[in-house]
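Inside the fold
Letter by letter, the chains look like this.
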Amino acid sequence: MPRRTPLAALAGAVSAGLALGVGELVSALGSRGQSLVGSVAGEVVDRTPGSVIHAAIEALGTSDKPVLLSIIVVVCVGLGAVAGILGLRHRWLITVMFLGAALLGVLTGLRDPLTSRWVVVLAALGAAATGIVVLHVLLSRLPADATAIDAPADAEGVAATPVPIPGRGTGSRRAFFALSGTVGLGAVALAIGGRALSDRSRTVAGGGARTPRPPLPEVAPSAVAPTDLAVEGLSPLITPTSQFYRIDTAFTFPSVDLDRWRLRIDGLVDRPLEYSYAELLALPQVEVPITIACVSNEVGGSLVGTAFWQGVPLGALLETAGVQPEGTQILGRSLDGFTAGFPTAAALDGRTALVAVGMNGEPLPIRHGFPARLIVEGLYGYVSATKWLRSIELCDWERVNGYWVPLGWSKEGPIKLQSRIDVPRAGDTVRAGMTPIAGVAWAPGVGVAAVEVQVDGGDWIPAELGPEFTDATWRQWMLPWEATAGRHTLRVRAISRDGEVQTAEVAPVEPNGATGHHTRQVTVRA
Ligand SMILES: Nc1nc2c(c(=O)[nH]1)N[C@H]1C(S)=C(S)[C@@H](COP(=O)(O)O)O[C@H]1N2
Ligand SMILES: [Mo]
């Protein structure tokens, strides 16, 4: 391989990096904190089978997004290297490859509902133009002796005289590396600057992380949280907002200009409605504790939590709008294009279903759906809990599907009866003697009547239950255990208020939620 190849690859890689940097910087002009790489990532997520995404979320947890963004950057830089190498022989291929990439960027950027269109085009074209020009310049500055390094040494081991290629490569090696290095550093600087600017513009637009969120009207909570069971390491009854799990497909949070934001209620209704944020806040509100869970929560997993949700009952809104008989499904649409649908009956059967604006006494944090989201007692988030709500559409249950349904997930998503061991924690060393086994169990909408624990395959022993809160929330449980030295297997199951015993049958999270008993191995030291 002639030595020009790695140098050309380097030139291509840094050019692609600079192009990405320019793309990010120009994207920052968009008012919504948009990013070309982010749009591409969103498209990748949309086109990847749901099972693969869920495997990725399981393996990577919430670092799934940074990992995907990094992969996209690495792939782009790698393609740049290829463009550099191919460009050595055919300069026109550089233009073809960069314009091809720009075209893909434009297509995905335009499909992303959060981008402003002209910025997408400008960012992609600016990026491509930069990449093409810089790569041409770098290739023309390849060190004059680049090919000579590979020239065979003679018998004495002295390299043959350098043979410059006429008309190509004029610079010194030092100058070439200095230039490439500068381009590489410029790429990093632009990318960082672009992100910083884009965050700033999000704040200006009114939806950034530091946006002041107006205080909510005071509402008397429907239930007062009882005192937690006193066991160290046990999940608190109310999950602090900062520890509440976050799951969504969003790469950048939708930014909202509160003055312009409207919630629409439309579709198969007699009177389509539209509310400003202030109008929504002026409607009668409730504050209700509810446990929500993600369908991707593994047995024993942490994608479940309980919060006080404040908002406007969905039933009241539907009554004002007048649901037509064919409006058998309530579809939440988000500002970022996500959708989730559940039977209209679920909003009218007495359970709590809210257009939520508050979480644990504060306006919704951006990551949990500011300015408004849906919360429906007893349903997994993927069919109900649309964040960054834009509209609520009444539609036909058969004809319309929410985001995850065509990707292989069940149309209906009731939360399954589950229980989890929090204490002892995985990896804890337990001392022999009396020690608590404790955790939480949930059957939102039904309630938990009993929890039982099994040690080393013995009899099921009833655990002590924490104070009754509501049927919509999880329940703490605790069993004092006389631990003896050695390895032990702990297992838990819950029994719901309607008599269902949590099944031992193991089911994966797809298509409608995991089942099985949470089991934990512990080592007890004497
Ligand atoms: N806009 C939007 N809303 C969404 C989602 C999403 O991807 N986009 N994911 C849903 C899923 S799968 C779950 S489990 C809940 C999680 O809500 P949380 O992040 O506030 O815990 O949000 C739901 N709402
Ligand atoms: Mo979820």
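Calculation rules
- Residues numbered from 1 in each chain as written.
- Chains lettered and ligands numbered in written order.
- Predicted model: local features only at pLDDT ≥ 70, side-chain atom pairs only at ≥ 80, totals over all residues.
- Heavy atoms only, no water.
- Phe/Tyr/Trp six-rings, centres within 6.5 Å; stacked < 30°, edge-to-face > 60°.
- Helix = DSSP H or I, 4+ residues; strand = E, 2+ residues; numbered from the N terminus.
- Lys NZ or Arg CZ within 6 Å of the ring centre and 35° of its normal.
- Buried < 20%, exposed > 50% of the residue type's maximum accessible area, 1.4 Å probe, protein only.
- Pairing = 2+ DSSP bridges.
- Near = heavy atom within 4 Å.
- Polar contact = N/O pair within 3.5 Å; in protein donor to acceptor, adjacent residues only side chain to side chain.
- Areas by Shrake-Rupley, 256 points an atom, 1.4 Å probe, with all protein chains shown as cover.
- Axes fitted to C-alpha atoms, helices over the stretch in contact; angles between N-to-C directions.
- 1 Å grid on protein atoms, 1.4 Å probe; cavity = no way out; pocket = protein on both sides within 12 Å on 5 of 7 lines; lining within 4 Å.
- Points joined across faces, edges and corners; volume = space filled by probe spheres on them.
- Nonpolar A, V, L, I, M, F, W, Y, C, P; charged D, E, K, R; others polar.
- Domains from an automatic or database assignment.

For the structure on display, the rule yields 13 aromatic pairs. Geometrically, the ring pair formed by Phe 253 and Trp 388 is tilted, given 5.7 Å between the ring centres and 45° between the ring planes. Here Phe 253, found in the loop between helix H7 (173-205) and strand S1 (262-267), pairs with Trp 388, found in the loop between helix H11 (381-384) and strand S10 (389-395); they are 135 residues apart in sequence, far enough to count as distant. Connected via pairs of aromatic rings, a cluster forms that spans Phe 338, Tyr 380, Tyr 382, Tyr 403, Trp 404 and Trp 409. Cation over ring: Lys 411 sits above Trp 397, and NZ or CZ is 4.5 Å from the ring centre.

Let us look at the pairing of strand S7 (residues 353-359). Most of S7 is tucked away: 7 of the 7 residues are buried. Bridge count for strand S4 (residues 304-313) against S7 is 5 bridges, and the pairing is antiparallel. Among the inter-strand pairings, Pro 313 is bridged to a residue of S7, identified as Leu 354. With 4 bridges connecting them, S7 and strand S9 (residues 373-376) associate as antiparallel partners. Residue Ala 353 lies in a different strand from S9, and its bridge partner there is Val 376. As judged from the 2 bridges shared by S7 and strand S8 (residues 362-363), these two strands associate in the antiparallel manner. When the sheet's bridge partners are listed, Gly 358 is paired in S8 with Pro 363.

The subject of this paragraph is the site of ligand 1. As a matter of local geometry, ligand 1 sits amid 18 residues, with Tyr 245, Thr 249, His 368, Arg 373 and Lys 387 nearest to it. Interatomic distance of 3.2 Å between a side-chain N/O atom of Asp 336 and a nitrogen atom of ligand 1. One of the backbone N or O atoms of Ala 385 is found 3.0 Å from a nitrogen atom in ligand 1. For ligand 1, the accessible surface in isolation is 530 Å², of which the surrounding protein chains cover 99%.

Glancing now at the pairing of S1. Here S1 runs beside strand S2 (residues 273-276); their pairing, made up of 4 bridges, is antiparallel. Bridged to Ile 265 within S2 is Leu 273. Between S1 and S2, which pair antiparallel one after the other, the connecting turn spans 5 residues. Inspection of the sheet shows S1 paired to S10 by 4 bridges, in the parallel sense.

With respect to topology, 5 strands assemble into an open sheet ordered S12-S19-S18-S14-S15, the strand pairing being mixed. Of all the strands in the sheet, just strand S12 (429-431) and strand S15 (460-462) have a single pairing partner and so form its edges. Strand after strand, the sheet turns through a mean of 40° between neighbouring axes, direction not considered. Here 3 bridges tie S12 to strand S19 (residues 519-525), and the two strands are oriented parallel to one another. Directly across from Val 430, in S19, lies its bridge partner Val 524.

Another aspect to go through is empty space enclosed by the protein. Under the defined criterion, the tally for this structure stands at 4 cavities of 30 Å³ or more. In terms of lining, the largest cavity is formed by Ala 293, Cys 294, Asn 297, Glu 298, Val 299, Tyr 380, Ile 415, Lys 416, Gln 418, Trp 442 and Ala 514. Grouping the constituent residues of the lining of the largest cavity by class yields 7 nonpolar, 2 polar and 2 charged. Three or more residues apiece are contributed to the lining of the largest cavity by two domains, here domain 2 (241-407) and domain 3 (418-525). Roughly 50 Å³ of internal volume is contained in the second largest cavity. Split into classes, the residues belonging to the lining of the second largest cavity amount to 4 nonpolar, 3 polar and 3 charged.

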